[in-house]
Amino acid sequence: MGAADRGRRRLPWRRAGGLVNGARERAAVGTTARLMRSAAAADSARFPLAAFRERLRAHGHRSFAVERVPFADLDQWHAEPGTGNLRHRTGRFFTVEGLRRTAWGDPGPGAVRPVMVQPEIGVLGIVVKEFDGVLHLLLQAKAEPGNVPAVQLSPTVQATRSNFTRSHGGSAVRFLEYFTSPARGRVLADVLQSEHGEYFLHKRNRHMLVETGEEVPEHPDFHWLTLGQLYRLLHEDRLVNMDTRSVLACAPLAPASAPATDRDGGGVWHSLGGASRPRHTMEEVVRWLTRARAGQSHVSRPVPLAEVEESGWRRGPEEISRDGGPFRVVAVRVRTAGREVGSWCQPLVNPRGAGVSAFGATRFDGVLHVLAQAKEEPGLITGPEVAPTVQCLPGESAPFADRLLSAPAERIRFDTVLAEEGGRFLAADNRYLLVEDDTLPAIPPPGYHWLTLRQLARLTAWGHHVSVQARTLLVCALAAAADA
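**Q** Even after reading the chapter, I still don't get the pattern of salt bridges, so can you show me in this structure?
**A** Side chains that differ in sign of charge can pair as their charged atoms come close. Applying the stated criterion to the full structure yields 28 salt bridges. With a shortest N-O distance of 3.0 Å, Arg-34 and Glu-130 are connected by a salt bridge. Separated by 96 residues along the polypeptide, Arg-34 in helix H1 (residues 3–40) and Glu-130 in strand S6 (residues 122–131) bring together distant segments of the chain. Note on Arg-34: relative accessible area 17%, which makes it buried. Taking relative accessible area as the criterion, Glu-130 reaches 37% and is therefore assigned partly exposed.

**Q** Help me understand the packing of aromatic side chains in this model?
**A** For any pair of aromatic rings, the description consists of the separation of the ring centres together with the inter-plane angle of the planes. Summed over the entire model, instances satisfying the criterion amount to 11 aromatic pairs. Centre to centre, the rings of Tyr-199 and Phe-327 are 5.3 Å apart; their planes meet at 80 degrees, and the pair counts as edge-to-face. With a gap of 128 residues between them, Tyr-199 in the loop between strand S10 (186–194) and strand S11 (200–201) and Phe-327 in strand S17 (residues 327–336) connect regions that are remote in the sequence. The pair Tyr-199 / Phe-327 is uniform in exposure class, with both members buried. A ring pair is formed by Tyr-199 and Phe-425, whose centres lie 5.0 Å apart and whose planes are at 65 degrees; its orientation type is edge-to-face. Residue Tyr-199 is located in the loop between S10 and S11, and its partner Phe-425 is located in the loop between strand S23 (412–419) and strand S24 (429–436); the two are separated by 226 residues in the primary sequence. You'll find Tyr-199 and Phe-425 in the same group, each marked buried. An aromatic cluster is defined as three or more aromatic residues linked by ring pairs; in this entry it consists of Tyr-199, Phe-200, Trp-313, Phe-327 and Phe-425. We note Lys-203 situated over the ring of Phe-200; from NZ or CZ to the ring centre the distance is 4.4 Å. Over the ring of Phe-364 we find Arg-279, and its NZ or CZ is 4.3 Å from the ring centre.

**Q** Please explain the side chain of Glu-211 as it appears in this structure.
**A** Mapped onto the fold, Glu-211 is located in strand S12 (residues 204–211). At a separation of 2.5 Å, a polar atom in the side chain of Glu-211 contacts the side chain of Arg-34. Apart from the residues lying within four places of it in its own chain, the contact partners of Glu-211 are Arg-34, Val-128, Leu-135, Gly-185, Arg-186 and Leu-188.

**Q** For this particular structure, what's the right way to read the packing of helix H10 (residues 453–462) against helix H11 (residues 468–483)?
**A** The geometry of a pair of packed helices is captured by two quantities: the angle between their axes and the separation between those axes. Two elements in contact, H10 and H11, have axes separated by 11 Å at closest approach and are oriented at 135 degrees. Taken together, H10 and H11 sit at an angle that is classed as oblique. Helix-helix and strand crossings are classified by hand; for H10 and H11 the assignment is left-handed. Contacts from Leu-453, Leu-456, Ala-457 and Thr-460 of H10 reach H11 at Ala-470, Arg-471, Leu-474 and Ala-477. Looking at side-chain class alone, the contact of H10 with H11 contains 6 nonpolar, 1 polar and 1 charged residues.

**Q** Just to check I follow, could you spell out the state of the cysteines for this structure?
**A** Two cysteines whose sulfur atoms are joined by a covalent bond form what is called a disulfide. Under the definition given, this model contains 0 disulfides. Residue Cys-476 stays outside any disulfide, its sulfur separated by 14 Å from that of Cys-250, the closest cysteine.

**Q** Would you mind showing me how to read the environment of Ala-189 here?
**A** Note that Ala-189 resides in strand S10. Note on Ala-189: relative accessible area 8%, which makes it buried. Measuring from C-alpha to C-alpha, the distance between Ala-189 and Gln-296 comes to 30 Å, with 107 residues separating the pair along the chain.

Thresholds applied
- Residues numbered from 1 in each chain as written.
- Predicted model: local features only at pLDDT ≥ 70, side-chain atom pairs only at ≥ 80, totals over all residues.
- Heavy atoms only, no water.
- Salt bridge = Lys/Arg side-chain N within 4 Å of Asp/Glu carboxyl O.
- Helix = DSSP H or I, 4+ residues; strand = E, 2+ residues; numbered from the N terminus.
- Buried < 20%, exposed > 50% of the residue type's maximum accessible area, 1.4 Å probe, protein only.
- Phe/Tyr/Trp six-rings, centres within 6.5 Å; stacked < 30°, edge-to-face > 60°.
- Lys NZ or Arg CZ within 6 Å of the ring centre and 35° of its normal.
- Polar contact = N/O pair within 3.5 Å; in protein donor to acceptor, adjacent residues only side chain to side chain.
- Contact = heavy atoms within 4.5 Å.
- Axes fitted to C-alpha atoms, helices over the stretch in contact; angles between N-to-C directions.
- Parallel < 35°, antiparallel > 145°, perpendicular 65-115°, else oblique.
- Left-handed = near helix turned anticlockwise from the far one by under 90°.
- Nonpolar A, V, L, I, M, F, W, Y, C, P; charged D, E, K, R; others polar.
- Disulfide = S-S within 2.5 Å.

Geometric values such as these leave the question of function open.
Listed below in structure tokens is the structure:
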């Protein structure tokens, strides 16, 4: 066969490939447009918010009791001989260990703190279905031991590997099949993301959005909501849980065009759209984060939990704590109805107050940008991630914190107290703020960088680039725009 013949033989393959790629691009554009329609739907004729609130009130009357207990009464858990690590009898779920953090090149012992170690990858998945031409998302009203209030809106599936493989001996996870059987629907998003690096060592979850055309069985704990309805609910304290917010941040949203006006929710949609011109190219943003990761200042490694005493932590009969520390480790017993198991015991991390996560924002050439930092956290698997301008644990201070927390009301675009993941944290709140401030430095200090919301969303879609707090604030910005 001659070269010309070989070229002609390849031509149909190339055309077919082009057709396939073109079809995928059209499908992606179609998905984005349909999600934007859902974001614009502030209510649903078929599933109105008023009916949802009535059902949510009914959930609040269900039996769900959480009590603090001594570590000695942690059924199924024990302190491991020699290390003191808190471990479940199955070796599954998670452990509480020590984490030693030292400055790079420092021969000293560094500091040790408790950390949760959960190497297995869980599933955070939301089922999506079209009703009356509008995409709706299936959310679960779920009680968690650390939630205050107990019931919050979680993804369709929020399960560790130990849960969905039924290591607890309980019932199966409802609707899990939509995320484990490819034939059950069309995947809209599928990405691994980190969780709180201050409390977890290398924890990751698989974030998924899956659209189905099937009839989904009804269940009183599950509710269909549009994106627009969810954005409205995000303005309410402690209602939309952390895992839902994190999955929503992975949704491929991008308006085709939007004017950079205050009628556009303070320029949020314009900043998210493809027509906006960023102050820095995406290549410059990636190089900035890569430099931060290559030059990170500290190294972390797991050590026995017993070693935390070196850094002033005390292990008492009911808590592991340090004077002035941002959190403590406690033990609880849970009794409930409507979960895979009716009762269990576990350790929880209990922060000593509310943290703060805030983006400062300003406009360059009419385009809204947020001031991000490349923040090191001891438990992140890939080093620094893109974090909000201010990301503080309880009692901590940070650059720009005083300025953003004291901003006048007319500059605050979003301000709500939201809870962190109640399956591992007890009463863990963060105040989330988006503040537009045109006095922020155009040339930021080292470690900070200006990003458009589109750039932040692209980094989120890649996984392991954006902190869970910044992912929440990305969704909060969209909620602010929808409410404008």
